[in-house]
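So you can see what is in the structure, the chains are spelled out below.
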Amino acid sequence: MTKILSWNANHWQRQPQNAAFWKYLAHDLAPDIAILQEVRPIVAQTPIGQTDPGVPPGFFLDQSGCYSWEECYHDWGTGVFTNALPIRPIHIPMSHKGCLACAEVMLSETFIIISLYARLEDGKSIKVIHRLISDLTDLLNKYRKKSNVILAGDFNAGLEWDKRQGNNSHRIMFERIEDFGLIDVLKTSGPVQTWRCSKSKVKWQNDYMFISKGLYDRVKSAKVLCTPEIEKFSDHNPIDLILN
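What counts and what doesn't
- Residues numbered from 1 in each chain as written.
- Predicted model: local features only at pLDDT ≥ 70, side-chain atom pairs only at ≥ 80, totals over all residues.
- Heavy atoms only, no water.
- Helix = DSSP H or I, 4+ residues; strand = E, 2+ residues; numbered from the N terminus.
- Buried < 20%, exposed > 50% of the residue type's maximum accessible area, 1.4 Å probe, protein only.
- Pairing = 2+ DSSP bridges.
- Axes fitted to C-alpha atoms, helices over the stretch in contact; angles between N-to-C directions.
- Parallel < 35°, antiparallel > 145°, perpendicular 65-115°, else oblique.
- Left-handed = near helix turned anticlockwise from the far one by under 90°.
- Contact = heavy atoms within 4.5 Å.
- Nonpolar A, V, L, I, M, F, W, Y, C, P; charged D, E, K, R; others polar.
- Polar contact = N/O pair within 3.5 Å; in protein donor to acceptor, adjacent residues only side chain to side chain.
- Phe/Tyr/Trp six-rings, centres within 6.5 Å; stacked < 30°, edge-to-face > 60°.
- Core = buried A, V, L, I, M, F, W, Y, C linked by side-chain atoms within 4.5 Å.
- Salt bridge = Lys/Arg side-chain N within 4 Å of Asp/Glu carboxyl O.

**Student:** What exactly am I supposed to notice about unusual backbone geometry here?
**Tutor:** Note: most peptide bonds trans; most residues except glycine with negative phi. Positive phi outside glycine occurs at Asn 10, with the angle close to 55°. On the secondary structure map, Asn 10 appears in the loop between β1 (2-8) and α1 (18-29). Relative accessible area serves as the criterion here: at 1%, Asn 10 is assigned to the buried category.

And the structure:
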């Protein structure tokens, strides 16, 4: 089985917890592949040549090379990390610096993993995410017929916004993704909450994971995780996917 987890680490608001975040990710959540946003790689606090025995080396951005990370702001960004699995970063032109990280990850077969972070522009994300999908078009078209693509991240989007804005811009965005043959792993879960806002009573879903149909047929479980420990590290809840 393969465990894949997507999570917004909320590093910019919780910088002192970064080392503890990585330990919790590696030990407690223990994914084979971590698709992360608003994250600062652990190497920023760990000198090259030194390792923390509390964290598996594969989750370090060091000589192990088990990462693909793009800086969004001065010390955090968007990335794909593995627990010692071979990985090859895929660099593509992007409309917004550091909002996409793409990689080939080698398991028994090659996976194409994309981490997406739709940053806000004038308080909204929809223009940004439509541009990012356009940036991904060539890559997604290239692997359209493959059964091993995963696109996940913090979209800062949801159908709730269409209701409030009186348009279909978010629905159209999801349709664009589905047109590449990708399926929402939580589509049968009913309403879920992935972002917690103390100022809102709405149970917002801002985070999503889309996968190829071939992978969808191998899904053992797909769920949103929420525990007191997760709430300590981020205001987002991770999406946890287990593949047979």
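**Student:** Got a minute to help me understand the sheet that holds strand β10 (residues 207-212) in this structure?
**Tutor:** Sheet strands line up and pair through hydrogen bonds in the backbone, either parallel or antiparallel. Taken in spatial order, the six strands of this open sheet run β5-β6-β7-β8-β10-β9, and their pairing is mixed. Either end of the sheet is taken by a strand with one partner, and the two such strands are β5 (87-90) and β9 (182-184). Adjacent strand axes in the sheet meet at a mean angle of 25°, parallel and antiparallel pairs treated alike. In the sheet, β9 pairs with β10 via three bridges, with the strands oriented antiparallel.

**Student:** Could you clarify how one ought to interpret the packing of helix α2 (residues 126-142) against helix α4 (residues 169-178) in this entry?
**Tutor:** Geometry of a packed helix pair, given as the angle between the helix axes and the separation of the axes. Packing of α2 against α4 brings their axes to within 11 Å, and their N-to-C directions diverge by 15°. One element, α2, and the other, α4, form an angle in the roughly parallel class. In the crossing of α2 with α4, the sense of the turn from one axis to the other is left-handed. Only Ser 169, His 170, Ile 172, Met 173, Arg 176 and Ile 177 of α4 make contact with α2, whose side of the interface consists of Ile 126, Ile 129, His 130, Ile 133 and Ser 134. Looking at side-chain class alone, the contact of α2 with α4 contains six nonpolar, four polar and one charged residues.

**Student:** How should I be thinking about the side chain of Ser 125 in this particular structure?
**Tutor:** By secondary structure assignment, the location of Ser 125 is in the loop between β7 (110-117) and α2. Within the structure, the side chain of Ser 125 is placed 2.5 Å from the backbone oxygen of Asn 156, a separation counted as a polar contact. Among residues more than four places away in sequence, those in contact with Ser 125 are Ala 118, Arg 119, Leu 120, Phe 155, Asn 156 and Ala 157.

**Student:** Is there a simple way to explain the packing of aromatic side chains in this structure?
**Tutor:** The geometry of an aromatic ring pair is captured by two quantities: the separation of the ring centres and the angle between the planes. Applying the stated criterion across every chain, the model contains twelve aromatic pairs. Taken together, a centroid distance of 6.3 Å and an interplanar angle of 75° make the contact between Phe 21 and Phe 233 edge-to-face. With Phe 21 in helix α1 and Phe 233 in helix α6 (residues 228-233), this residue pair connects regions lying 212 residues apart in the sequence. Accessibility assignment for this pair places Phe 21 and Phe 233 in one class, buried. Each member of the aromatic cluster is reached from another via a ring pair, and the members are Trp 7, Phe 21, Trp 22, Tyr 24, Phe 81 and Phe 233.

**Student:** Got a minute to help me understand the nonpolar core in this structure?
**Tutor:** Considering soluble globular proteins, one finds that nonpolar side chains tend to be buried as a cluster. Ranked by internal contacts, the top residues of the largest apolar core, which has 32 residues, are Leu 116, Leu 136, Phe 155 and Met 173. When contributions to this core are tallied by element, the ones reaching two or more residues are β6 (100-106), β7, α2, β8 (149-154), α4 and β10. With eight residues, α2 is the single largest residue contributor to this core. Contacts of Leu 116, omitting those with residues within four sequence positions, involve Gln 37, Thr 78, Cys 99, Leu 100, Ile 129, Leu 132, Leu 136, Leu 151, Ala 152, Gly 153, Asp 154 and Phe 155. Counting residues in hydrophobic clusters, the runner-up holds 21 residues, among them Leu 85, Phe 111, Val 192 and Ile 239.

**Student:** Whenever I open this one, the pattern of salt bridges confuses me. Can you help?
**Tutor:** Close approach of charged atoms allows side chains with opposite charge to pair. Under the defined criterion, the tally for this structure stands at five salt bridges. For Glu 104, the salt bridge is made with Arg 88, and the minimal N-O distance between the two is 3.0 Å. Within this pair, whereas Glu 104 is found in strand β6, its partner Arg 88 is found in strand β5, the two being separated by 16 residues in sequence.

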